[in-house]
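Okay, here's what each chain looks like letter by letter:
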Amino acid sequence: MPVGCCCDTSCAKSYYGAEPGGCLSSRSLLGSAINQEEYVPRLDNKVAIITGGSGGIGRAAAIKFVGEGAKVMLVDVDEAALSALVSELGNNVAGYCVADVTRTVDTRKYIAATVEQFGGADILLANAGVEGEVASIEDYDEDTFDRVIAVNIKGVWLGIKHLFPVLKERGGGSIVITSSTMGIKGSPGLSAYNTSKHAVIGLMRSTALDGAAHKIRVNTVNPAPVETRMMRSLEAGIDASDMAGTHARIAASIPLQRYGEPEDIANIMLFLASDEASFLTGGVYMADGGSTA
Ligand SMILES: NC(=O)c1ccc[n+]([C@@H]2O[C@H](COP(=O)([O-])OP(=O)(O)OC[C@H]3O[C@@H](n4cnc5c(N)ncnc54)[C@H](O)[C@@H]3O)[C@@H](O)[C@H]2O)c1
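Residues numbered from 1 in each chain as written. Predicted model: local features only at pLDDT ≥ 70, side-chain atom pairs only at ≥ 80, totals over all residues.

> Is there a simple way to think about the overall build of the protein in this case?
Counting secondary structure elements, the protein contains 10 helices and seven strands. Sorting the 293 residues of the protein into buried and exposed places 42% on the buried side. Taking contacts inside the protein between residues at least 6 apart in sequence as the whole, the part at least 24 apart equals 68%. (Helix = DSSP H or I, 4+ residues; strand = E, 2+ residues; numbered from the N terminus. Buried ≥ 20, exposed ≤ 12 C-beta atoms within 10 Å, placed from the backbone. Contact = placed C-beta atoms within 7 Å.)

Below, the structure is given as structure tokens:
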């Protein structure tokens, strides 16, 4: 079979070496390229800070980042969960810092702890978040509104603000903010959460422009419902008497007919954090099973 036969799409399977006796020339070209290049982990030598690091998505991201060579500093308010995850990952590649992301003093503390333990930082996954309650605007509790805004907006703002000098000194970095499909469309009963997830897109765009000259990239990942504690809480808020039915209805409203798994979201976070995404900044990346198509 002549070299170049795989321009013919009927030969596509053979091109990838899936069938014996297929396109040997192309297959051996691919094979030798793979064999000759040693695999370099996608976050080799990178240090990542992950806020909300012991929650559903943060945990999945931590496992994936460490699996791709990163050292991670996990930040959360839940010390027991942080400590257990660091033991699982190994304290040579993971550390933790108990911190409330809404507080300047705590933000400085987790950044200092990262620099002290790992010598610097390259990546911030600004992922800590709270859902608030499900209530119509006239019934929404004001203190709950303030808390959602503080964690989901100010917490992200503080993290970026205080990490910028560290990233500049490092010669660049990647900041990934966890927004939501609720950051680009509305949902009844979620006024505070909706507001906060829209707001961080504005924050991302502004800081992407602030950071560009310093090779600091900033993007958002926008998940649809994901199988974590947060969705259990929201399902209870929508209809505590029928959480399974609520789950089924929400899943059916997603074109791919399911919630995301935390790993689905961690996959795109990993990509945006890595140098593979070196030309990507100021972007909104949907991870939503087609929900906003
Ligand atoms: N689960 C979903 O369906 C979904 C969808 C879209 C976006 N998101 C976003 O993903 C992010 C992660 O959520 P998750 O689904 O893993 O939920 P989760 O509740 O499992 O994780 C959130 C984590 O944030 C931590 N946290 C809360 N307040 C904090 C504070 N003040 N300081 C430090 N840590 C704090 C919590 O302790 C928790 O571990 C959130 O920003 C959330 O809004 C989730």
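> I keep staring at the confidence of the model for the protein and nothing clicks. Help me out?
Reading predicted coordinates in detail is not appropriate for stretches of low pLDDT. On average, residues of the protein score 90 in pLDDT, and 88% of them reach the 70 mark or higher. Predicted confidence for residues 1-30 stays below pLDDT 50, and this span has 24 contacts to residues more than four positions away or in other chains. (pLDDT = per-residue confidence, 0-100.)

> What exactly am I supposed to notice about unusual backbone geometry here?
Even without being a glycine, asparagine 45 presents a positive backbone phi close to 65°. Note on placement: asparagine 45 falls in the loop between α2 (24-36) and β1 (47-51). Residue asparagine 45 is classed as exposed on the basis of its C-beta count, with 10 C-beta atoms lying within 10 Å. Backbone geometry places lysine 215, a non-glycine residue, at a positive phi of 60°. Relative to the elements of secondary structure, lysine 215 occurs in the loop between α7 (191-212) and β6 (216-223).

> Quick question: what am I supposed to make of the sheet that holds strand β3 (residues 94-98) here?
Paired through their backbone hydrogen bonds, the strands of a sheet run either parallel or antiparallel. Read across the sheet, seven strands follow the order β3-β2-β1-β4-β5-β6-β7 without closing on themselves; strand pairing throughout is parallel. Taken across any chain shown, the strands that pair with only one partner, and hence form the sheet edges, are β3 and β7 (284-287). Averaged over neighbouring strand pairs, the angle between their axes works out to 20° when direction is ignored. Here four bridges tie β6 to β7, and the two strands are oriented parallel to one another. (Pairing = 2+ DSSP bridges. Axes fitted to C-alpha atoms, helices over the stretch in contact; angles between N-to-C directions.)

> I'm lost on the site of the ligand in this one. Help?
Taken together, 28 residues sit near the ligand, with Gly52, Gly55, Gly56, Gly129 and Thr228 positioned nearest. Partitioned by chemical class, the residues of the shell around the ligand number 11 nonpolar, 13 polar and four charged. (Near = placed C-beta within 6 Å. Nonpolar A, V, L, I, M, F, W, Y, C, P; charged D, E, K, R; others polar.)

> It is not clear to me how the nonpolar core should be interpreted in this structure. Could you clarify?
Side chains of nonpolar character tend, in soluble globular proteins, to be buried together. Counting 66 residues, the largest nonpolar core has Ala48, Ile49, Leu74, Leu125 and Met269 as the members making the most contacts within it. No other element matches helix α6 (residues 142-170), which puts eight residues into this core. For methionine 269, the residues in contact, after removing those within four places along its chain, are Ala61, Leu125, Val176 and Val221. (Core = buried A, V, L, I, M, F, W, Y, C linked by C-beta atoms within 7 Å.)

> What is the right way to look at the packing of helix α3 (residues 56-67) against helix α10 (residues 262-273) in this model?
A pair of packed helices is characterised by two quantities: the angle between their axes and the separation of those axes. Axis separation between α3 and α10 bottoms out at 8 Å; the angle between their running directions is 55°. When the axis of α3 is compared with that of α10, the two are oblique. Crossing angle aside, the handedness with which α3 passes α10 is right-handed. The segment α3 lies against α10, with Gly56, Ile57, Arg59, Ala60, Ala61, Lys64 and Phe65 engaging Pro262, Glu263, Ile265, Ala266, Met269 and Leu270. Its residues assigned to classes, the contact of α3 with α10 comprises nine nonpolar, one polar and three charged. (Parallel < 35°, antiparallel > 145°, perpendicular 65-115°, else oblique. Left-handed = near helix turned anticlockwise from the far one by under 90°.)

> Is there a simple way to explain α10 in this structure?
Three- or four-residue spacings in an α-helix give side chains the same orientation, since the helix completes a turn every 3.6 residues. With 12 residues, α10 ought to run about 16 Å at 1.5 Å a step, and its terminal C-alpha atoms sit 16 Å apart, in line with that. Taken together, the buried positions of α10 are Pro262, Asp264, Ile265, Ala266, Met269, Leu270, Leu272 and Ala273. As for α10, its buried residues are in contact with β1, α3, β4 (123-126), β5 (173-178), β6 and β7. (Expected span 1.5 Å × (residues − 1).)

> Any chance you could explain the pairing of β4 here in plain terms?
One face of the sheet, then the other: side chains in a regular strand alternate in exactly this way. Judged by which residues are buried, β4 turns out to be covered on both faces: Ile123 and Leu125 on one side and Leu124 and Ala126 on the other are all buried. Relative to β4, β1 is paired through three bridges, and the arrangement is parallel. In the strand pairing of β4, alanine 48 is matched with isoleucine 123. In this sheet, β5 lies alongside β4 in parallel orientation, the contact comprising four bridges. Across the sheet, residue isoleucine 123 finds its bridge partner in β5, namely serine 174. You can see the chain leave β4, run along α6 and come back into β5, and the turn it takes is right-handed. (Right-handed = clockwise from strand over helix to strand, strands pointing away.)

> Mind showing me how you'd approach the packing of helix α5 (residues 104-118) against α6 here?
Put simply, α5 and α6 touch, their axes get as near as 9 Å, and they point 35° apart. For the crossing formed where α5 meets α6, the hand is right-handed. In contact with Thr104, Thr107, Arg108, Ile111 and Val115 of α5, α6 contributes Leu158, Gly159, His162, Leu163 and Val166. Taken together, the residues of the contact of α5 with α6 sort by class into five nonpolar, four polar and one charged.

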